[in-house]
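Observations on chain architecture
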Amino acid sequence: MSIRIIVKDPDPVLREVAKEVTKFNSNLKKLLKDMAETMYDAEGVGLAAPQIGISKRVIVVDVGDENGLVEMVNPVILEREGEQIGPEGCLSIPNLNGEVLRADRIVVQGQNSDGETFKLEAKGYFARAFQHEIDHLNGVLFTDIALNTYDISDRVKKGGEQ
Ligand code: CO
């Protein structure tokens, strides 16, 4: 395993539509391990492969609750319900936070590292993290859709970036 370098806005890879994964091999397993290690090292709650310069539809999420680490390949949101507005940050956009409107509950389907399809329901902050990461796969950053943004460089870092 190794910690990868997190690319920062305005790196063009963050604006690409990431490619579907078709090969479920040892390279994918290593990518997922490295992504989780990089996310934890940066004290983030989610990471998408484009954030380490790899334009593939792969995300990891761990918001620190009972759901633990979720690795998802080719994620698709099947259902959206309700609304929530809350603060977000991004490991690729240091020192900026913003309030973002998201669905409050989603059902997301994807594949694991072996290519097996699974589905999960996410609510609240967990649902927010998935929506943020899946946006990354479509070249969308939270600053594109935030209701506002504010500088947090003068504050103590709390984590919570995605
Ligand atoms: Co992000």
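Read on for an overview of the structure. Within every chain, residues take consecutive numbers counted from 1 along the sequence as written. Given that this is a predicted model, residues contribute local features only at a pLDDT of at least 70 and side-chain atom pairs are listed and counted only at 80 or more, while totals for whole chains, interfaces and linings are drawn from all residues. Side-chain numbers come from the whole structure's heavy atoms, not from hydrogens or water.

Pairing between strands is defined by DSSP: at least two bridges between them are needed. Helix and strand assignments come from DSSP, with helices taken as H or I runs of at least 4 residues and strands as E runs of at least 2, each series counted from the N terminus. If you walk across this open sheet you meet the 3 strands as β4-β5-β8, and the pairing is antiparallel. At either margin of the open sheet sits one strand with a lone partner, and together these are β4 (84-90) and β8 (148-151). The mean angle between the axes of side-by-side strands here comes to 25 degrees, regardless of whether they run parallel or antiparallel. Pairing geometry for strand β5 (residues 93-102) and β8, over 4 bridges, is antiparallel. Residue G98 lies in a different strand from β8, and its bridge partner there is T149. In what follows, residue pairs with any heavy atoms lying within 4.5 Å of each other are defined as contacts. A fitted line through C-alpha atoms represents every axis, and for helices the fit uses only the stretch in contact; the resulting angles, taken between N-to-C directions, go from 0 to 180 degrees. Taken strand by strand, helix α2 (residues 124-137) contacts β4 and β5, and its axis lies near 55 degrees from that of β4.

This paragraph deals with the coordination of the cobalt ion. Ideal donor angles around a metal are set by the shape: a four-donor tetrahedron calls for 109.5 degrees, a six-donor octahedron for 90 or 180 degrees. Each metal site is built from N, O and S donor atoms within 2.8 Å (3.2 Å for Na, K and Ca), and since water is not included, such sites may look incomplete. Coordination of the cobalt ion by the protein comes from C90 (SG), H132 (NE2), H136 (NE2) and Q162 (O), over a distance range of 2.0 to 2.3 Å. The exposure class assigned to H136 is buried, which follows from its relative accessible area of 1%. Type-normalised accessible area, obtained with a 1.4 Å probe on protein chains alone, sets the label of each residue: buried when under 20%, exposed when over 50%, and partly exposed for intermediate values.

Mapped onto the elements of the fold, F126 is located in helix α2. The spatial distance from the C-alpha of F126 to the C-alpha of V61 is 8.2 Å, given a sequence separation of 65 residues. Excluding anything up to four places from it in sequence, F126 contacts V61, V63, D65, N67, V70, L120 and E121.

Each patch groups residues whose relative accessible area exceeds 30% and which form no salt bridge, using 9 Å between like charges and 5 Å between nonpolar side chains of Val, Leu, Ile, Met, Phe, Trp and Tyr. In this description, accessible areas are obtained by the Shrake-Rupley approach with a 1.4 Å probe, and a residue is regarded as covered only by the protein chains that are shown. Salt bridges, as used here, are contacts in which a Lys or Arg side-chain nitrogen is within 4 Å of a carboxyl oxygen on Asp or Glu. On the surface, I85, L101 and L147 cluster together to form a nonpolar patch covering roughly 290 Å² of accessible area. Mapped onto the elements, L101 comes out in strand β5. Residue class for L101 comes out partly exposed when judged on its relative accessible area of 39%.

Purely spatial values, then, with no claim about function.
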